[in-house]
Each structure stands twice: as structure tokens, then as C-alpha cells.
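These are the residues of each chain, in order.
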Amino acid sequence: MNYLSGTASLIEEIDKKLLVVLRDGRTLIGILRSIDQFANLVLHRTIERIHVGKKYGDIPRGIFIVRGENVVLLGEVDLESEGNLQLEEVPIDDILEMQREEQIQKQAEEDRKKKALLDRGMQPSSEYTDDMY
């Protein structure tokens, strides 16, 4: 097998089912149909998978174009063990509600930490944003 450098190495992944994690935290699962020199991806039969704890929900997205700079992680899905998930699938409406509750809890925790820092005379750092890795 010859080694291909850079985005050319993704050519071997065309027509395979991939999991893609984006900078904004979303997880996509779809079949890779096309790539370019900038690692832009075209995914077919794409679903967006939302995880909350040990539960997940899948939102069908169809054809999805992903700009290469937004990809944090990309990997092939093992089709043999795909059905052996240790997670419980729940309806889309339920997982979206759980996700909203989780985000509210995270924001409340962040606000509590900021308040604790301010109470101690320290300035909370705003140097980093959520979408930076």
C-alpha cells in the first residue's frame, strides 16, 4: 500500500461510512462521496448524531457539504460493531430537549464559576471561545 500525504490520503476513504466531528461540536455520520485539495467533504445519507449521557438521537440531514477547516476528527465507522452500541436511541424531540437542558446546566455552571472568580477579585478570562481548539 502506498502512502499518500495530506488530503490525498482521504481518497482511500471514498464510498466508506465516516464519522466526522466538527469544530462546533456536532457529530455527522455519512458516506464520503467527494473531497478536494482543501479537505472539503461531501457526505451522502448523512445523519447528525446528538449524544446526551448514554442516550443518542439521529437527525437525518441528507447530502452534507463540510468545509475542511471545520473538521476536527474524521474516522471510518466499523460496520460490524455499529449495531453493538452501549447507548440507548431515543426520539429526536426527546434528545433535543435533553440537549437544551444540558446546555442550560453548562451555562449555569459557567456563570457560577465566573461569579466565584469575580467574588474573589479575579477577572474571568474571555481569551478563549467555545469554537477554538
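Before reading on, note that the structure itself is shown above.
Numbering of residues starts from 1 in each chain and follows the order in which that chain's sequence is written. Residue-level local features of this predicted model are given only where pLDDT is at least 70; pairs of side-chain atoms are given and counted only at 80 or more, and the full residue set underlies all totals for whole chains, interfaces and linings. As a convention, hydrogens and water are excluded, and side-chain values are obtained from all of the structure's heavy atoms.

1. Thoughts on the environment of Gly25
Topologically, Gly25 is positioned in the loop between β1 (17-22) and β2 (27-35). Along the chain, Gly25 and Ile59 lie 34 residues apart, while their C-alpha atoms are 15 Å from each other. Put simply, DSSP H or I for four residues or longer makes a helix, DSSP E for two residues or longer makes a strand, and each gets a number counted from the N terminus.

2. Quick word on helix α1 (residues 92-119)
The length a helix should cover is 1.5 Å for every residue beyond the first. The terminal C-alpha atoms of α1, which comprises 28 residues, lie 40 Å apart, in line with the 40 Å expected from a rise of 1.5 Å per residue. Of the residues trailing α1, Gly121 is marked for its positive phi of about 80 degrees.

3. Notes on the sheet that holds β2
By definition, the strands of a sheet pair up through backbone hydrogen bonds, in either a parallel or an antiparallel sense. Pairing between two strands requires that DSSP report at least two bridges joining them. Taken in spatial order, the 6 strands line up as β5-β1-β2-β3-β4-β6 in an open sheet, and their pairing is mixed. Two strands bound the open sheet, and with one partner strand each, they are β5 (71-76) and β6 (88-89). Here β2 runs beside strand β3 (residues 41-52); their pairing, made up of 7 bridges, is antiparallel. Paired with Ser34 across the two strands is Val42, which belongs to β3.

4. Observations regarding the pairing of β3
Taken together, β2 and the strand that follows it, β3, pair antiparallel across an intervening segment of 5 residues, in which Ala39 is found at a positive phi of about 65 degrees. What sits between β3 and strand β4 (residues 55-66) in their antiparallel hairpin is a turn of 2 residues, with Gly53 showing a positive phi close to 65 degrees.

5. Quick notes on the pattern of salt bridges
Think of a salt bridge as a Lys or Arg side-chain nitrogen and an Asp or Glu carboxyl oxygen that are within 4 Å of each other. Overall, the coordinates contain 9 salt bridges when judged by the stated rule. Among the ionic pairs, Glu76 bridges to Lys16, the shortest N-O distance being 3.9 Å. Placement of Glu76 in strand β5 and of Lys16 in the segment before β1 is noted, with a sequence separation of 60 residues between them. Judged by relative accessible area, Glu76 falls into the partly exposed class, the value being 48%. To sort residues, take the accessible area from a 1.4 Å probe on protein chains only and compare it with the maximum for the residue type: under 20% means buried, over 50% means exposed, and anything in between is partly exposed.

6. Some points on the side chain of Thr27
Looking at the element boundaries, Thr27 is found in strand β2. Since its relative accessible area comes to 11%, Thr27 is described here as buried. When neighbours within four sequence positions are excluded, Thr27 is seen to be in contact with Leu19, Val20, Val21, Ile47, Glu48 and Arg49. Contact between two residues is taken to exist if any of their heavy atoms lie within 4.5 Å; hydrogens are not considered.

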